[in-house]
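# Geometric and topological summary
In case you want the letters, here they are:
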Amino acid sequence: MSGHDVVLYGATGFTGHQTAYYFDAHVGDKLNWAIAGRDRGRLEAIQASLRHPVPVIVADAHDDAAIDALVESTKVVLSTVGPYARYGECLLRSCVTRGTDYVDICGETVWIKRMIERYHDRAVQSGARIVPCCGFDSVPSDIGTWLLVDHFRALGKRTRSVKAFFRARGGLNGGTVASLAAAMSSPDHNQIDDPLLLNPPDERTAREAIRSRDPILPVLDADLGHWVAPFFMGPINTRVVRRSAALAKLAQQTYGDEFHYQEYMNLGPNLSLLSSTIAATGTVLFGAVARVPAITKFIESLAPAPGEGPSEQTMDEGFFECVLVGQSEDGATAWARLADDGDPGNRATVKMVCEAALALAIDRERLPRQAGILTPATAFDGVLAVRLADAGMQIECPMAER
Ligand SMILES: NC(=O)c1ccc[n+]([C@@H]2O[C@H](COP(=O)([O-])OP(=O)(O)OC[C@H]3O[C@@H](n4cnc5c(N)ncnc54)[C@H](OP(=O)(O)O)[C@@H]3O)[C@@H](O)[C@H]2O)c1
(Lines give C-alpha, C1' and ligand atoms only; values in the text may rest on other atoms or scores of the structure.)
Protein backbone atom coordinates (compact mmCIF):
# COMPACT_ATOMS: atom_id res chain seq x y z
CA MET A 1 0.00 0.00 0.00
CA SER A 2 1.48 3.36 -1.02
CA GLY A 3 0.75 5.62 1.95
CA HIS A 4 3.59 8.03 1.19
CA ASP A 5 4.18 10.06 -1.92
CA VAL A 6 7.96 10.24 -1.42
CA VAL A 7 10.40 8.58 1.01
CA LEU A 8 13.80 10.26 1.46
CA TYR A 9 16.20 7.36 2.04
CA GLY A 10 19.53 8.37 3.61
CA ALA A 11 18.11 11.43 5.38
CA THR A 12 20.87 11.28 8.01
CA GLY A 13 23.65 11.74 5.41
CA PHE A 14 25.30 14.99 4.35
CA THR A 15 23.15 15.47 1.23
CA GLY A 16 20.30 13.43 2.73
CA HIS A 17 19.61 15.85 5.57
CA GLN A 18 19.56 18.70 3.03
CA THR A 19 16.85 16.84 1.06
CA ALA A 20 14.79 16.62 4.26
CA TYR A 21 15.13 20.38 4.84
CA TYR A 22 14.33 21.07 1.17
CA PHE A 23 11.13 19.04 1.45
CA ASP A 24 10.32 20.68 4.77
CA ALA A 25 10.69 24.16 3.24
CA HIS A 26 9.13 23.54 -0.17
CA VAL A 27 6.62 20.73 0.35
CA GLY A 28 5.76 20.97 4.04
CA ASP A 29 2.51 19.17 4.70
CA LYS A 30 1.23 19.40 1.10
CA LEU A 31 2.39 15.81 0.38
CA ASN A 32 2.81 12.66 2.44
CA TRP A 33 6.54 12.20 2.75
CA ALA A 34 8.80 10.40 5.18
CA ILE A 35 12.47 10.21 6.09
CA ALA A 36 14.30 6.90 6.17
CA GLY A 37 17.70 5.47 7.05
CA ARG A 38 19.38 2.85 9.17
CA ASP A 39 19.62 4.72 12.49
CA ARG A 40 16.36 5.49 14.31
CA GLY A 41 17.96 7.83 16.84
CA ARG A 42 19.56 10.04 14.20
CA LEU A 43 16.39 10.01 12.09
CA GLU A 44 14.34 11.12 15.09
CA ALA A 45 16.78 13.97 15.72
CA ILE A 46 16.17 15.19 12.16
CA GLN A 47 12.43 14.63 12.55
CA ALA A 48 12.46 16.83 15.66
CA SER A 49 14.22 19.64 13.78
CA LEU A 50 11.66 19.81 10.95
CA ARG A 51 8.92 22.44 10.89
CA HIS A 52 6.56 19.74 9.63
CA PRO A 53 7.60 16.54 11.43
CA VAL A 54 7.12 13.51 9.18
CA PRO A 55 7.20 9.75 9.85
CA VAL A 56 10.49 7.89 10.25
CA ILE A 57 11.23 4.57 8.53
CA VAL A 58 14.16 2.42 9.64
CA ALA A 59 15.75 0.13 7.04
CA ASP A 60 19.33 -1.04 6.63
CA ALA A 61 20.39 -1.10 2.96
CA HIS A 62 21.08 -4.84 3.14
CA ASP A 63 17.88 -5.83 4.97
CA ASP A 64 15.60 -7.09 2.17
CA ALA A 65 12.45 -7.28 4.28
CA ALA A 66 12.84 -3.77 5.70
CA ILE A 67 13.69 -2.34 2.26
CA ASP A 68 10.65 -4.07 0.70
CA ALA A 69 8.41 -2.60 3.41
CA LEU A 70 9.88 0.87 2.77
CA VAL A 71 9.33 0.56 -0.99
CA GLU A 72 5.78 -0.74 -0.53
CA SER A 73 4.96 2.26 1.64
CA THR A 74 5.56 4.85 -1.10
CA LYS A 75 5.07 5.91 -4.72
CA VAL A 76 8.57 7.39 -5.08
CA VAL A 77 11.91 6.72 -3.37
CA LEU A 78 14.65 9.38 -3.36
CA SER A 79 17.92 7.74 -2.30
CA THR A 80 21.07 9.51 -1.15
CA VAL A 81 22.55 6.33 0.35
CA GLY A 82 25.94 5.84 -1.27
CA PRO A 83 28.35 4.50 -2.38
CA TYR A 84 25.56 3.03 -4.48
CA ALA A 85 27.72 0.10 -5.60
CA ARG A 86 27.91 -0.88 -1.92
CA TYR A 87 24.41 -0.05 -0.68
CA GLY A 88 22.16 0.54 -3.68
CA GLU A 89 21.17 -2.73 -5.33
CA CYS A 90 18.66 -4.13 -2.83
CA LEU A 91 16.62 -0.89 -2.91
CA LEU A 92 16.77 -0.53 -6.68
CA ARG A 93 15.73 -4.18 -7.18
CA SER A 94 12.81 -3.76 -4.80
CA CYS A 95 11.61 -0.64 -6.67
CA VAL A 96 11.90 -2.49 -9.98
CA THR A 97 9.96 -5.49 -8.65
CA ARG A 98 7.16 -3.36 -7.18
CA GLY A 99 6.90 -0.80 -9.98
CA THR A 100 7.89 1.99 -7.58
CA ASP A 101 9.56 5.08 -9.03
CA TYR A 102 13.10 5.92 -7.90
CA VAL A 103 15.59 8.79 -8.19
CA ASP A 104 19.13 9.14 -6.87
CA ILE A 105 22.32 11.22 -7.18
CA CYS A 106 24.57 8.37 -8.22
CA GLY A 107 27.51 9.06 -10.51
CA GLU A 108 28.90 5.51 -10.43
CA THR A 109 28.49 4.66 -14.09
CA VAL A 110 29.91 1.13 -13.91
CA TRP A 111 27.35 0.23 -11.24
CA ILE A 112 24.57 1.85 -13.27
CA LYS A 113 25.63 -0.22 -16.27
CA ARG A 114 25.36 -3.37 -14.12
CA MET A 115 21.90 -2.33 -12.91
CA ILE A 116 20.79 -1.71 -16.52
CA GLU A 117 21.92 -5.21 -17.50
CA ARG A 118 20.17 -6.80 -14.53
CA TYR A 119 16.99 -4.76 -14.18
CA HIS A 120 16.15 -2.56 -17.18
CA ASP A 121 13.87 -5.10 -18.88
CA ARG A 122 12.15 -5.95 -15.58
CA ALA A 123 11.55 -2.26 -14.87
CA VAL A 124 10.00 -1.84 -18.33
CA GLN A 125 7.64 -4.72 -17.44
CA SER A 126 6.76 -3.43 -13.98
CA GLY A 127 6.41 0.20 -15.10
CA ALA A 128 9.03 1.47 -12.63
CA ARG A 129 10.83 4.66 -13.61
CA ILE A 130 14.32 4.24 -12.20
CA VAL A 131 16.26 7.47 -12.67
CA PRO A 132 19.86 7.61 -11.43
CA CYS A 133 22.10 10.66 -11.98
CA CYS A 134 19.57 13.31 -10.89
CA GLY A 135 22.20 15.54 -9.23
CA PHE A 136 24.85 17.86 -10.67
CA ASP A 137 25.87 14.75 -12.53
CA SER A 138 24.04 14.72 -14.87
CA VAL A 139 20.99 17.01 -14.87
CA PRO A 140 22.58 20.16 -16.43
CA SER A 141 24.22 18.16 -19.24
CA ASP A 142 21.26 15.93 -19.94
CA ILE A 143 18.39 18.39 -19.55
CA GLY A 144 20.39 21.16 -21.26
CA THR A 145 20.96 18.91 -24.26
CA TRP A 146 17.30 17.87 -24.30
CA LEU A 147 16.25 21.55 -24.33
CA LEU A 148 18.40 22.27 -27.38
CA VAL A 149 17.15 19.14 -29.18
CA ASP A 150 13.58 20.17 -28.36
CA HIS A 151 14.25 23.71 -29.59
CA PHE A 152 15.45 22.39 -32.95
CA ARG A 153 12.54 19.92 -33.06
CA ALA A 154 10.07 22.78 -32.68
CA LEU A 155 11.70 24.35 -35.77
CA GLY A 156 11.32 21.07 -37.69
CA LYS A 157 15.07 20.36 -37.43
CA ARG A 158 17.11 17.48 -36.05
CA THR A 159 20.25 17.91 -33.98
CA ARG A 160 23.73 17.04 -35.23
CA SER A 161 25.74 17.88 -32.11
CA VAL A 162 25.72 19.45 -28.68
CA LYS A 163 28.72 20.61 -26.67
CA ALA A 164 28.51 21.67 -23.03
CA PHE A 165 30.99 23.97 -21.25
CA PHE A 166 31.11 24.02 -17.45
CA ARG A 167 32.26 26.51 -14.86
CA ALA A 168 31.79 25.52 -11.22
CA ARG A 169 33.00 26.19 -7.69
CA GLY A 170 32.10 24.16 -4.62
CA GLY A 171 33.25 21.77 -1.93
CA LEU A 172 33.76 18.06 -1.60
CA ASN A 173 31.59 15.59 0.32
CA GLY A 174 33.06 12.63 2.17
CA GLY A 175 30.35 10.47 0.57
CA THR A 176 31.53 11.50 -2.89
CA VAL A 177 35.13 10.56 -2.14
CA ALA A 178 33.98 7.23 -0.65
CA SER A 179 31.96 6.56 -3.80
CA LEU A 180 34.94 7.40 -6.03
CA ALA A 181 37.15 5.07 -3.97
CA ALA A 182 34.54 2.29 -4.09
CA ALA A 183 34.17 2.70 -7.86
CA MET A 184 37.93 2.60 -8.42
CA SER A 185 38.38 -0.51 -6.27
CA SER A 186 35.89 -2.46 -8.40
CA PRO A 187 37.59 -5.02 -10.70
CA ASP A 188 35.68 -3.68 -13.72
CA HIS A 189 36.45 0.00 -13.06
CA ASN A 190 38.22 0.44 -16.42
CA GLN A 191 34.78 0.32 -18.04
CA ILE A 192 34.45 4.00 -17.10
CA ASP A 193 36.57 4.72 -20.19
CA ASP A 194 33.91 3.31 -22.51
CA PRO A 195 32.28 6.42 -24.03
CA LEU A 196 29.10 4.47 -24.82
CA LEU A 197 29.05 2.56 -21.52
CA LEU A 198 25.36 3.13 -20.82
CA ASN A 199 24.06 2.70 -24.38
CA PRO A 200 21.84 -0.30 -25.13
CA PRO A 201 23.80 -2.95 -27.09
CA ASP A 202 22.08 -2.11 -30.40
CA GLU A 203 22.99 1.55 -30.03
CA ARG A 204 26.76 1.13 -29.98
CA THR A 205 29.01 1.39 -33.02
CA ALA A 206 32.80 1.31 -33.20
CA ARG A 207 32.75 4.54 -35.21
CA GLU A 208 30.68 6.34 -32.58
CA ALA A 209 32.87 4.98 -29.77
CA ILE A 210 35.98 6.35 -31.48
CA ARG A 211 34.59 9.81 -32.19
CA SER A 212 33.13 10.03 -28.64
CA ARG A 213 36.37 9.32 -26.79
CA ASP A 214 37.01 11.53 -23.77
CA PRO A 215 39.15 14.55 -24.66
CA ILE A 216 42.58 14.51 -23.07
CA LEU A 217 43.99 17.67 -24.66
CA PRO A 218 42.92 21.33 -24.62
CA VAL A 219 40.68 22.32 -27.53
CA LEU A 220 40.39 25.73 -29.21
CA ASP A 221 36.63 25.75 -29.48
CA ALA A 222 35.37 27.47 -32.61
CA ASP A 223 31.96 28.36 -31.14
CA LEU A 224 33.23 29.80 -27.86
CA GLY A 225 36.28 31.31 -29.53
CA HIS A 226 38.73 30.30 -26.79
CA TRP A 227 40.56 27.35 -25.26
CA VAL A 228 38.72 24.76 -23.19
CA ALA A 229 39.97 21.75 -21.23
CA PRO A 230 38.63 18.26 -20.42
CA PHE A 231 35.97 18.37 -17.69
CA PHE A 232 36.53 15.92 -14.81
CA MET A 233 32.83 14.97 -14.76
CA GLY A 234 32.68 14.44 -18.52
CA PRO A 235 33.25 10.67 -18.21
CA ILE A 236 30.01 10.50 -16.20
CA ASN A 237 27.80 13.08 -17.90
CA THR A 238 28.62 12.16 -21.50
CA ARG A 239 27.57 8.53 -20.90
CA VAL A 240 24.23 9.70 -19.52
CA VAL A 241 23.51 12.11 -22.40
CA ARG A 242 24.44 9.42 -24.94
CA ARG A 243 22.08 6.96 -23.22
CA SER A 244 19.32 9.58 -23.44
CA ALA A 245 19.96 9.97 -27.16
CA ALA A 246 20.02 6.19 -27.65
CA LEU A 247 16.77 5.64 -25.69
CA ALA A 248 15.11 8.49 -27.60
CA LYS A 249 16.10 6.82 -30.87
CA LEU A 250 14.64 3.49 -29.72
CA ALA A 251 11.41 5.35 -28.80
CA GLN A 252 11.26 6.76 -32.39
CA GLN A 253 12.16 10.25 -31.14
CA THR A 254 15.69 10.48 -32.42
CA TYR A 255 17.81 13.51 -31.50
CA GLY A 256 19.43 13.21 -34.96
CA ASP A 257 20.89 10.45 -37.15
CA GLU A 258 24.51 11.20 -36.30
CA PHE A 259 23.92 12.96 -32.97
CA HIS A 260 27.14 13.65 -31.10
CA TYR A 261 27.73 14.99 -27.56
CA GLN A 262 30.87 16.16 -25.77
CA GLU A 263 31.62 18.40 -22.81
CA TYR A 264 34.47 20.55 -21.52
CA MET A 265 35.61 22.73 -18.65
CA ASN A 266 35.28 26.44 -19.48
CA LEU A 267 38.02 28.36 -17.73
CA GLY A 268 37.14 31.67 -19.38
CA PRO A 269 38.07 33.63 -22.50
CA ASN A 270 41.48 34.69 -21.21
CA LEU A 271 42.81 31.17 -20.86
CA SER A 272 45.98 30.69 -22.89
CA LEU A 273 47.05 27.47 -24.56
CA LEU A 274 49.60 27.04 -21.75
CA SER A 275 47.11 27.35 -18.91
CA SER A 276 44.53 25.17 -20.66
CA THR A 277 47.25 22.57 -21.14
CA ILE A 278 48.02 22.70 -17.42
CA ALA A 279 44.30 22.33 -16.63
CA ALA A 280 43.97 19.44 -19.09
CA THR A 281 47.05 17.71 -17.69
CA GLY A 282 45.70 18.09 -14.15
CA THR A 283 42.35 16.55 -15.07
CA VAL A 284 43.85 13.70 -17.05
CA LEU A 285 46.49 12.99 -14.39
CA PHE A 286 43.86 12.95 -11.65
CA GLY A 287 41.79 10.47 -13.68
CA ALA A 288 44.86 8.25 -14.03
CA VAL A 289 46.21 8.37 -10.48
CA ALA A 290 42.75 7.94 -8.91
CA ARG A 291 42.89 4.38 -10.27
CA VAL A 292 45.90 3.49 -8.17
CA PRO A 293 44.47 1.98 -4.95
CA ALA A 294 47.22 3.40 -2.72
CA ILE A 295 46.64 6.90 -4.10
CA THR A 296 42.84 6.59 -3.74
CA LYS A 297 43.40 5.59 -0.10
CA PHE A 298 45.67 8.60 0.37
CA ILE A 299 43.05 10.96 -1.17
CA GLU A 300 40.42 9.39 1.12
CA SER A 301 42.61 10.01 4.17
CA LEU A 302 42.87 13.74 3.32
CA ALA A 303 39.23 14.23 2.29
CA PRO A 304 36.22 14.67 4.60
CA ALA A 305 34.91 11.38 6.06
CA PRO A 306 31.52 9.95 4.96
CA GLY A 307 28.82 12.04 6.63
CA GLU A 308 30.95 15.20 6.35
CA GLY A 309 31.12 17.89 3.69
CA PRO A 310 31.85 21.52 2.98
CA SER A 311 31.05 24.35 5.40
CA GLU A 312 27.86 26.40 5.03
CA GLN A 313 30.02 29.28 3.81
CA THR A 314 31.66 27.18 1.08
CA MET A 315 28.25 25.87 0.03
CA ASP A 316 26.80 29.39 -0.05
CA GLU A 317 29.70 30.78 -2.08
CA GLY A 318 29.66 28.06 -4.75
CA PHE A 319 28.02 28.22 -8.16
CA PHE A 320 27.82 26.43 -11.48
CA GLU A 321 27.22 27.47 -15.04
CA CYS A 322 26.65 25.08 -17.93
CA VAL A 323 26.58 26.73 -21.36
CA LEU A 324 25.62 24.49 -24.27
CA VAL A 325 25.84 25.03 -28.00
CA GLY A 326 23.87 22.88 -30.39
CA GLN A 327 24.04 22.53 -34.12
CA SER A 328 21.16 21.26 -36.24
CA GLU A 329 21.66 18.87 -39.14
CA ASP A 330 21.15 21.80 -41.55
CA GLY A 331 23.81 23.92 -39.85
CA ALA A 332 21.77 26.23 -37.57
CA THR A 333 23.28 27.06 -34.17
CA ALA A 334 21.50 27.58 -30.84
CA TRP A 335 22.75 28.18 -27.30
CA ALA A 336 21.38 27.23 -23.90
CA ARG A 337 22.44 28.02 -20.36
CA LEU A 338 21.73 26.51 -16.94
CA ALA A 339 23.20 28.11 -13.84
CA ASP A 340 22.62 28.37 -10.12
CA ASP A 341 24.17 29.82 -7.00
CA GLY A 342 25.50 27.53 -4.27
CA ASP A 343 27.79 24.51 -4.19
CA PRO A 344 26.74 22.36 -7.18
CA GLY A 345 27.41 19.08 -5.31
CA ASN A 346 25.07 20.08 -2.49
CA ARG A 347 22.78 23.08 -3.06
CA ALA A 348 22.08 22.49 -6.77
CA THR A 349 22.18 18.70 -6.43
CA VAL A 350 19.61 18.76 -3.63
CA LYS A 351 17.34 21.06 -5.65
CA MET A 352 17.65 18.85 -8.72
CA VAL A 353 17.02 15.50 -7.05
CA CYS A 354 14.16 16.81 -4.90
CA GLU A 355 12.43 18.42 -7.89
CA ALA A 356 12.96 15.17 -9.85
CA ALA A 357 11.25 13.20 -7.07
CA LEU A 358 8.43 15.75 -6.96
CA ALA A 359 7.98 15.49 -10.73
CA LEU A 360 7.47 11.73 -10.34
CA ALA A 361 5.11 12.21 -7.41
CA ILE A 362 3.04 15.13 -8.72
CA ASP A 363 3.50 15.43 -12.50
CA ARG A 364 3.46 11.73 -13.43
CA GLU A 365 0.69 12.16 -16.01
CA ARG A 366 2.69 14.84 -17.83
CA LEU A 367 5.90 12.80 -18.02
CA PRO A 368 6.97 10.68 -21.00
CA ARG A 369 5.38 7.24 -20.82
CA GLN A 370 8.70 5.43 -20.50
CA ALA A 371 9.70 2.92 -17.84
CA GLY A 372 13.02 1.20 -17.23
CA ILE A 373 16.40 2.42 -16.07
CA LEU A 374 16.15 5.90 -17.50
CA THR A 375 18.05 9.18 -17.57
CA PRO A 376 16.86 12.61 -16.42
CA ALA A 377 16.01 13.58 -20.02
CA THR A 378 14.12 10.39 -20.89
CA ALA A 379 12.22 10.37 -17.59
CA PHE A 380 11.38 14.07 -17.31
CA ASP A 381 12.03 15.92 -20.59
CA GLY A 382 10.95 19.57 -20.18
CA VAL A 383 8.94 18.97 -16.99
CA LEU A 384 12.04 18.99 -14.79
CA ALA A 385 13.38 22.14 -16.47
CA VAL A 386 10.15 23.99 -15.65
CA ARG A 387 10.27 22.79 -12.03
CA LEU A 388 13.93 23.81 -11.65
CA ALA A 389 13.28 27.24 -13.17
CA ASP A 390 10.35 27.71 -10.77
CA ALA A 391 12.73 26.74 -7.95
CA GLY A 392 15.12 29.53 -8.93
CA MET A 393 17.58 27.87 -11.32
CA GLN A 394 18.54 30.07 -14.26
CA ILE A 395 17.52 28.21 -17.43
CA GLU A 396 17.56 29.80 -20.87
CA CYS A 397 16.97 28.03 -24.15
CA PRO A 398 17.54 29.43 -26.63
CA MET A 399 19.79 32.12 -25.23
CA ALA A 400 21.23 35.05 -27.12
CA GLU A 401 24.40 34.03 -28.98
CA ARG A 402 27.57 34.74 -26.98
N1 LIG B 1 25.53 13.71 -8.17
C2 LIG B 1 26.05 14.60 -7.36
O3 LIG B 1 26.29 15.72 -7.75
C4 LIG B 1 26.35 14.18 -5.94
C5 LIG B 1 26.58 15.17 -4.99
C6 LIG B 1 26.80 14.77 -3.66
C7 LIG B 1 26.81 13.41 -3.33
N8 LIG B 1 26.61 12.48 -4.30
C9 LIG B 1 26.59 11.05 -3.97
O10 LIG B 1 25.56 10.84 -3.03
C11 LIG B 1 25.94 9.82 -2.12
C12 LIG B 1 25.79 10.34 -0.69
O13 LIG B 1 26.69 11.40 -0.48
P14 LIG B 1 26.77 12.08 0.95
O15 LIG B 1 27.83 13.11 0.87
O16 LIG B 1 25.42 12.46 1.41
O17 LIG B 1 27.29 10.82 1.82
P18 LIG B 1 27.14 10.52 3.38
O19 LIG B 1 27.03 11.78 4.14
O20 LIG B 1 28.24 9.58 3.71
O21 LIG B 1 25.73 9.76 3.49
C22 LIG B 1 25.58 8.41 3.21
C23 LIG B 1 24.25 7.94 3.72
O24 LIG B 1 24.19 6.51 3.52
C25 LIG B 1 23.73 5.93 4.73
N26 LIG B 1 24.16 4.55 4.88
C27 LIG B 1 25.41 4.05 4.93
N28 LIG B 1 25.37 2.71 5.12
C29 LIG B 1 24.05 2.37 5.17
C30 LIG B 1 23.37 1.15 5.33
N31 LIG B 1 24.03 -0.01 5.50
N32 LIG B 1 22.03 1.17 5.32
C33 LIG B 1 21.36 2.32 5.17
N34 LIG B 1 21.94 3.51 5.02
C35 LIG B 1 23.29 3.53 5.03
C36 LIG B 1 24.30 6.82 5.82
O37 LIG B 1 23.62 6.55 7.03
P38 LIG B 1 24.24 7.01 8.46
O39 LIG B 1 24.00 8.49 8.52
O40 LIG B 1 23.43 6.24 9.42
O41 LIG B 1 25.70 6.67 8.45
C42 LIG B 1 24.02 8.18 5.21
O43 LIG B 1 22.68 8.54 5.43
C44 LIG B 1 27.36 9.42 -2.49
O45 LIG B 1 27.30 8.26 -3.29
C46 LIG B 1 27.86 10.60 -3.31
O47 LIG B 1 28.83 10.22 -4.26
C48 LIG B 1 26.37 12.84 -5.58
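Residues numbered from 1 in each chain as written. Predicted model: local features only at pLDDT ≥ 70, side-chain atom pairs only at ≥ 80, totals over all residues.

### Considerations on the site of the ligand
The environment of the ligand is formed by 34 residues, the closest being Gly13, Gly82, Gly135, Asn173 and Gly175. For the shell around the ligand, the secondary-structure elements that each account for two or more residues are α1 (14-26), α4 (84-87), α8 (174-184) and α14 (344-362). No other element matches the 4 residues that α8 contributes to the shell around the ligand. There are two domains that each give the shell around the ligand at least three residues, and those are domain 1 (4-136 + 351-377) and domain 2 (139-343 + 378-399). (Near = placed C-beta within 6 Å. Helix = DSSP H or I, 4+ residues; strand = E, 2+ residues; numbered from the N terminus. Domains from an automatic or database assignment.)

### What to know about the packing of helix α3 (residues 64-72) against helix α5 (residues 89-98)
One way to put it is that α3 packs onto α5 with a least axis distance of 9 Å and a crossing angle of 50°. On the basis of the axis angle, α3 is oblique to α5. Two packed elements cross with a definite hand, and for α3 against α5 that hand is right-handed. When α3 is examined against α5, the residues Asp64, Ile67, Asp68, Val71 and Glu72 are found in contact with a partner set consisting of Cys90, Leu91, Ser94, Cys95 and Arg98. In the contact of α3 with α5, the residues fall into 5 nonpolar, 1 polar and 4 charged. (Axes fitted to C-alpha atoms, helices over the stretch in contact; angles between N-to-C directions. Parallel < 35°, antiparallel > 145°, perpendicular 65-115°, else oblique. Left-handed = near helix turned anticlockwise from the far one by under 90°. Contact = placed C-beta atoms within 7 Å. Nonpolar A, V, L, I, M, F, W, Y, C, P; charged D, E, K, R; others polar.)

### Thoughts on the domain arrangement of the protein
Here the protein is described as being made up of domain 1 (4-136 + 351-377) and domain 2 (139-343 + 378-399). Taking the mean C-alpha position of each, domain 1 and domain 2 sit 23 Å from one another. At the junction of the two partners, domain 1 supplies 35 residues and domain 2 supplies 41 residues. At the level of elements, α1, α4, α6 (109-126), β6 (129-131), α14 and α15 (376-390) are the ones that each hand at least two residues to the side of domain 1 that touches domain 2. Here the element with the most residues in the side of domain 1 that touches domain 2 is α14; it accounts for 6 residues. For the side of domain 1 that touches domain 2, the per-class residue count stands at 19 nonpolar, 8 polar and 8 charged.

### Description of the pairing of strand β11 (residues 319-328)
Burial analysis of β11 places 8 of its 10 residues in the buried class, the great majority of the element. In this sheet, β11 lies alongside strand β7 (residues 159-169) in antiparallel orientation, the contact comprising 10 bridges. Bridging from a neighbouring strand, Phe165 pairs with Val323 of β11. Examined bridge by bridge, β11 and strand β12 (residues 333-341) share 9 bridges and lie antiparallel to one another. (Buried ≥ 20, exposed ≤ 12 C-beta atoms within 10 Å, placed from the backbone. Pairing = 2+ DSSP bridges.)

### Quick look at helix α7 (residues 139-154)
With 16 residues, α7 extends 22 Å between its outermost C-alpha atoms, agreeing within 8% with the 22 Å of an ideal straight helix rising 1.5 Å per residue. A large share of α7 lies buried, amounting to 12 of its 16 residues. Buried within α7 are the following residues: Val139, Pro140, Ser141, Asp142, Ile143, Gly144, Thr145, Trp146, Leu147, Leu148, Val149 and Phe152. Note on α7: the residue one or two positions beyond its end, Gly156, has a positive phi of about 75°. (Expected span 1.5 Å × (residues − 1).)

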